[in-house]
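Here is how the chains run, residue by residue.
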Amino acid sequence: MVSVLIPAAGNGERLGLGPKAFLRVGGKTLLEWAVEAFKEAAEVLVALPPGAPVPKGLRATFLEGGRTRQESVSRLLEAASLPLVLVHDVARPFVSQRLMGRVLEATRATGAAVPVLPLPDTLIRPEGEGYGEVVPREALRLVQTPQGFFTALLREAHAYARKRGLSATDDAQLVRALGYPVALVEGERAAFKITYPEDLPLAEALARVWSA
Ligand code: CTP
Ligand code: MG
């Protein structure tokens, strides 16, 4: 039994079109994409920007997000009532059933699992304004959502982070900080995070052909 936690309280500053939860792609808001993707889930909880109107007609429970993603997820975790959680960014509308399935299977087996992908580009650590050192890309992965956890483990990780003043851009790093391993499963290019204006034409194109 899985609680799906959707942090959707960001302001989308890099995109510059208001909160991404209400951004329309392929005629639907990103929030609608996310809630529909998880329509099989027993429980869906969404953190919205403070003061945002609560959307009607969506099968989800809404609460007010925090100042950071981490704070929004902490609030969602408090409200979760099931032993497993899947945490999924609203900014990633194209999440397939296969991807969810891989993450859930590994989560059930290990307690914590995230999807990752290899990086296509050459990667460097710039030196000042210059090119600098090349970082071997074979050694690196980019990390996506949905991320799956035993609910009790992620709660403990968030409590630990709060106590230590740690801040994190995803949940898996808090579980790692607590000292627990996080399993990796294969991610999907389509599950990219809509972040910059240039991402929108790709999202619109995917929306036309997408069936999860
Ligand atoms: N998020 C959240 N609460 C916050 C900040 C972010 O729930 N206080 C959520 C966003 O809604 C998004 C996810 O965390 O689903 C990943 O964040 P990001 O892609 O950075 O989105 P924004 O924070 O909205 O964008 P930006 O950083 O450009 O402002
Ligand atoms: Mg952000």
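Because the structure is a prediction, the values reported are computed rather than measured. (Residues numbered from 1 in each chain as written. Chains lettered and ligands numbered in written order. Predicted model: local features only at pLDDT ≥ 70, side-chain atom pairs only at ≥ 80, totals over all residues.)

1. Quick look at the overall build of the chain
Helix and strand content of the chain: six helices and twelve strands. At 17 Å, the chain has a C-alpha radius of gyration in line with the 17 Å of a compact globule built from 212 residues. Reported as C-alpha extents along the three principal axes, the dimensions of the chain are approximately 50 × 40 × 30 Å. In the chain, buried positions account for 35% of the 212 residues. A separation threshold of at least 6 residues defines the contact pool for the chain, and within that pool the share at least 24 residues apart is 67%. (Helix = DSSP H or I, 4+ residues; strand = E, 2+ residues; numbered from the N terminus. Rg over C-alpha atoms; globule rule 2.2 N^0.38 Å. Buried ≥ 20, exposed ≤ 12 C-beta atoms within 10 Å, placed from the backbone. Contact = placed C-beta atoms within 7 Å.)

2. So, helix α2 (residues 69–79)
Every buried residue of α2 is accounted for by Arg69, Gln70, Ser72, Val73, Ser74, Leu76 and Leu77. Contacts from the buried residues of α2 go to β1 (2–7), β4 (43–48), β6 (84–87) and α4 (151–164).

3. Focus on the pairing of β4
Along any regular strand, the residues point their side chains to alternate faces of the sheet. Counting buried residues in β4 gives five out of six residues, a clear majority hidden from the surface. Of the strand pairs in this sheet, β4 and strand β5 (residues 61–64) are connected by four bridges, and their pairing is parallel. In the strand pairing of β5, Val46 is matched with Phe62. (Pairing = 2+ DSSP bridges.)

4. Notes on the confidence of the model for the chain
Low pLDDT marks stretches whose predicted atomic positions should not be read closely. Counting all residues, the mean pLDDT for the chain is 97, and 100% of those residues have values of 70 or more. Across the whole predicted complex the pTM is 0.97, and at the interface the ipTM reaches 0.99. (pLDDT = per-residue confidence, 0-100.)

5. Describing the nonpolar core
Membership of the largest hydrophobic core comes to 49 residues, with the highest contact counts inside it found for Leu5, Ile6, Ala8, Leu30, Ala34 and Val85. In terms of residues, this core owes the most to one element, helix α1 (residues 30–37), which gives six residues. Non-local contacts of Ala34, meaning those with residues more than four positions away in its chain, are made with Ile6, His88, Val90 and Pro93. (Core = buried A, V, L, I, M, F, W, Y, C linked by C-beta atoms within 7 Å.)

6. Some words on the UniProt feature "site: Positions MEP for the nucleophilic attack" (unreviewed entry) in the chain
Here the UniProt-annotated "site: Positions MEP for the nucleophilic attack" (unreviewed entry) positions come out as Arg137 and Lys193. On the secondary structure map, Arg137 appears in the loop between β9 (130–135) and β10 (142–143). According to the C-beta neighbour criterion, Arg137 is partly exposed, with 13 such atoms within 10 Å. Counting through the fold element by element, Lys193 comes out in the loop between β12 (183–186) and α6 (199–209). Excluding residues within four positions of it along the chain, Lys193 makes contact with Asp89, Ala91 and Arg92. (UniProt positions renumbered as here; feature names shortened; annotations may be inferred.)

7. As for the pairing of strand β8 (residues 123–127)
By the criterion of burial, β8 is predominantly exposed, with just zero of the five residues buried. One ladder, built from four bridges, connects β8 with β9; its direction is antiparallel. Residue pairing across strands places Ile124 opposite Val134, the latter belonging to β9. Hairpin connection, β8 to β9: the antiparallel pair is bridged by two residues, and Gly128 has positive phi, about 60°.

8. Here's the deal with unusual backbone geometry
Put simply, Thr145 and Pro146 share a cis peptide bond, and its omega is 10°. Within the secondary structure layout, Pro146 lies in the loop between β10 and β11 (147–150).

9. Considerations on the environment of Ala172
Tracing the backbone shows Ala172 in helix α5 (residues 172–178). Spatially, the C-alpha atom of Ala172 lies 7.3 Å from that of Gln147, the residues being 25 residues apart in sequence. Setting aside anything within four residues of it in sequence, one finds Ala172 in contact with Ala112, Val114, Val143, Gln147 and Val182.

10. Quick word on the environment of Ala9
Mapped onto the elements of the fold, Ala9 is located in the loop between β1 and β2 (24–25). The class of Ala9 is buried, set by 27 C-beta atoms lying within 10 Å. A C-alpha to C-alpha distance of 9.7 Å links Ala9 and Asp89, two positions 80 residues apart in sequence. Each residue touching Ala9, except ones within four places of it in the same chain, is listed here: Ala47, Leu48, Pro49, Gly65, Gly66 and Ser72.

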